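Coordinates in review
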Amino acid sequence: MRQRIIPAIMSGGAGTRLWPASTEARPKQFHALGGSETMIGETARRVSGDVGALSFLAPMVLCNERHAALVRESITNPAALVFEPLPRNTAAVGAIAAALGAELAPDALVLLLPADHLINDVAAFHAAIARAAPFARERIVTFGIAPDRPATGYGYIRRGAELADGVFAIDSFREKPNEAIARDYLATGEYSWNSGMFLFSPEVLLREFAASAEIRDRALAALHAAKRDGVNIHLDVEAFASVPSLPLDIAVMEKTAHAAVVPCEIGWADVGSWDEIWRLAPKDADGNALQGPIVAIDTSNTLVRSDGLKVCVAGVSDLVIIASGDAIVILPRDRAQEVKELGARAAKLEN
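Cut-off values and rules
Residues numbered from 1 in each chain as written. Predicted model: local features only at pLDDT ≥ 70, side-chain atom pairs only at ≥ 80, totals over all residues. Heavy atoms only, no water. Helix = DSSP H or I, 4+ residues; strand = E, 2+ residues; numbered from the N terminus. Buried < 20%, exposed > 50% of the residue type's maximum accessible area, 1.4 Å probe, protein only. Contact = heavy atoms within 4.5 Å. Areas by Shrake-Rupley, 256 points an atom, 1.4 Å probe, with all protein chains shown as cover. Lys, Arg positive; Asp, Glu negative; His and termini not counted. Charge placed at Lys NZ, Arg CZ, Asp CG, Glu CD. Pairing = 2+ DSSP bridges. Axes fitted to C-alpha atoms, helices over the stretch in contact; angles between N-to-C directions. Salt bridge = Lys/Arg side-chain N within 4 Å of Asp/Glu carboxyl O. 1 Å grid on protein atoms, 1.4 Å probe; cavity = no way out; pocket = protein on both sides within 12 Å on 5 of 7 lines; lining within 4 Å. Points joined across faces, edges and corners; volume = space filled by probe spheres on them. Nonpolar A, V, L, I, M, F, W, Y, C, P; charged D, E, K, R; others polar. Polar contact = N/O pair within 3.5 Å; in protein donor to acceptor, adjacent residues only side chain to side chain. Phe/Tyr/Trp six-rings, centres within 6.5 Å; stacked < 30°, edge-to-face > 60°.

1. Focus on the overall build of the chain
The helix and strand inventory of the chain stands at 11 helices and 21 strands. Considered along the principal axes of its C-alpha atoms, the chain spans approximately 60 × 50 × 35 Å. Sorting the 351 residues of the chain into buried and exposed places 52% on the buried side. Across the chain, every contact between residues at least 6 apart in sequence was considered, and the portion connecting residues at least 24 apart equals 67%. Surface exposure of the chain reaches about 15,600 Å², of which carbon and sulfur atoms provide 50%. Taking the average place of the 34 positive charges on the side chains of the chain and the average place of its 43 negative ones, the gap between the two points comes to 1 Å.

Pasting the structure below:
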């Protein structure tokens, strides 16, 4: 008998580090940044249908109502569209996903997923879910990514005792480290990147909110008072606004004794910067990743993307050049994180 799983896709982010392509009106998950399909569409597709011992049910999507049409362009069969009236981080979303999962399919596990991750080895991802599923009846299971470099942009998970082949208790969560600490983590072989993906029984997750009961209770109050119209669920604005804003890791995972991690190598990437887009993209012989109407002469290790404007470059290296909408961004690849600040300052020019 297959294990039934409800995907709960979190689509609340604004993707400000990928401005100007990613905007509040059309965040990065609604762009095709890793292939020909939108990132949210790829996320839904990889957790659909029957796969070995797993049976993926129709997904629920938790998002801003202004993105409802964009969600429906990529996901045609949602079991529920839960509209968040304002951002309240992943703990509130997790509590709502658990309660709604129990309502939609009481025997199913819930797989909580960000809408904007890339996973290139889908078969390995399914195998990791299958390893996790037997433990998700008693524990909240997260998926740890095998690190291939001393990345400073991710949280880390230190493995504890082995519970079964490929499944471990969690010793501790570690915040984003500096490079020296990240190198130490990598050298020990005991750490995984924290992917932010979780598999759980609704009953277990809601129970383990005991240390953060206010988040759970206020989030569920917003769900109980929601206005419903078919698959559309409009969370109550006043109740949801009162929910403390914390990530699930801090509210629950760092406090519970009932957690586990499944380390895996699934070709995963959290596409959080233009430098990461360059790293993942196919490149020409000079290390350039070019998309759109581009002319590049004597150019190397540069990302150039345009959604229409002709972009011509010569004699440059290690840059990010993005032409999208009414904005053009040019900066060194190693300063790609500053796009967020550029976008914020550019917004002031419009006022």
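2. Thoughts on the sheet that holds strand β18 (residues 303–306)
Ordered in space as β16-β18-β20-β21, the four strands form an open sheet in which the pairing is mixed. Both outer strands of the open sheet, β16 (289–291) and β21 (327–332), are each paired with one neighbouring strand and no more. Between one strand axis and the next, the sheet turns by 5 degrees as a mean value, whatever way the strands run. In this sheet, strand β20 (residues 319–324) lies alongside β18 in parallel orientation, the contact comprising four bridges. Paired with Leu 303 across the strands is Val 320, a residue of β20.

3. Brief notes about the pairing of strand β9 (residues 156–164)
One ladder, built from six bridges, connects β9 with strand β10 (residues 167–174); its direction is antiparallel. Among the inter-strand pairings, Tyr 156 is bridged to a residue of β10, identified as Arg 174. Linking two consecutive strands that pair antiparallel, namely β9 and β10, is a turn of two residues; a positive phi of about 85 degrees is found at Gly 166 within it. Summarising the sheet, β9 and strand β11 (residues 191–200) pair through three bridges and their orientation is antiparallel. Bridging across to β11, Ile 157 finds its partner in Ser 192.

4. Comments concerning the pattern of salt bridges
The tally for this structure, following the rule as stated, stands at 19 salt bridges. The salt bridge partner of Arg 333 is Asp 318, with a shortest N-O separation of 3.0 Å. You can see Arg 333 sitting in the loop between β21 and α11 (339–349) and its partner Asp 318 sitting in the loop between β19 (311–314) and β20, a full 15 residues away along the chain. Overall, Asp 318 belongs to the partly exposed group, its relative accessible area being 34%. Among the charged side chains, a salt-bridge network with shared partners connects Asp 148, Arg 149, Glu 276 and Arg 279.

5. Structural notes on the environment of Val 61
Inspection of the secondary structure assignment puts Val 61 in strand β4 (residues 60–63). When its relative accessible area of 0% is taken as the criterion, Val 61 is described as buried. Those residues in contact with Val 61 that lie beyond four places of it in its chain are Ile 9, Ser 11, Ile 40, Val 71, Ile 75, Ala 80, Leu 81 and Val 82.

6. So, empty space enclosed by the protein
Applying the stated rule across the entire model yields one cavity of 30 Å³ or more. In terms of lining residues, the largest cavity is bounded by Thr 43, Arg 46, Leu 113, Pro 114, His 117, Ile 119, Phe 125 and Met 197. Put simply, the parts of the chain that give the lining of the largest cavity at least two residues each are α1 (39–46), β6 (109–114) and β7 (117–119). Considering only residue class, the lining of the largest cavity consists of five nonpolar, two polar and one charged.

7. Here we look at the side chain of Lys 28
Position of Lys 28 relative to the elements: it lies in the loop between β1 (3–11) and α1. Overall, Lys 28 belongs to the buried group, its relative accessible area being 6%. In this structure the side chain of Lys 28 is engaged in a polar contact, spanning 3.3 Å, whose partner is the side chain of Asp 116. Once residues within four sequence positions are removed from consideration, Lys 28 is found in contact with Gly 15, Leu 18, Ser 22, Leu 33, Met 39, Asp 116, Asp 270, Val 271 and Gly 272.

8. Structural notes on the packing of aromatic side chains
What the rule picks out here adds up to six aromatic pairs. A centroid spacing of 5.2 Å and a plane angle of 65 degrees characterise the contact between Tyr 154 and Trp 268, whose relative ring orientation is edge-to-face. Of this pair, Tyr 154 sits in the loop between β8 (140–145) and β9 while Trp 268 sits in strand β15 (residues 268–270), and the two are 114 residues apart along the sequence. Note on Tyr 154: relative accessible area 9%, which makes it buried. For the ring pair Tyr 185 and Tyr 191, a centre distance of 4.1 Å and an interplane angle of 20 degrees mean the geometry is stacked. For Tyr 185, a relative accessible area of 11% puts it in the buried group.

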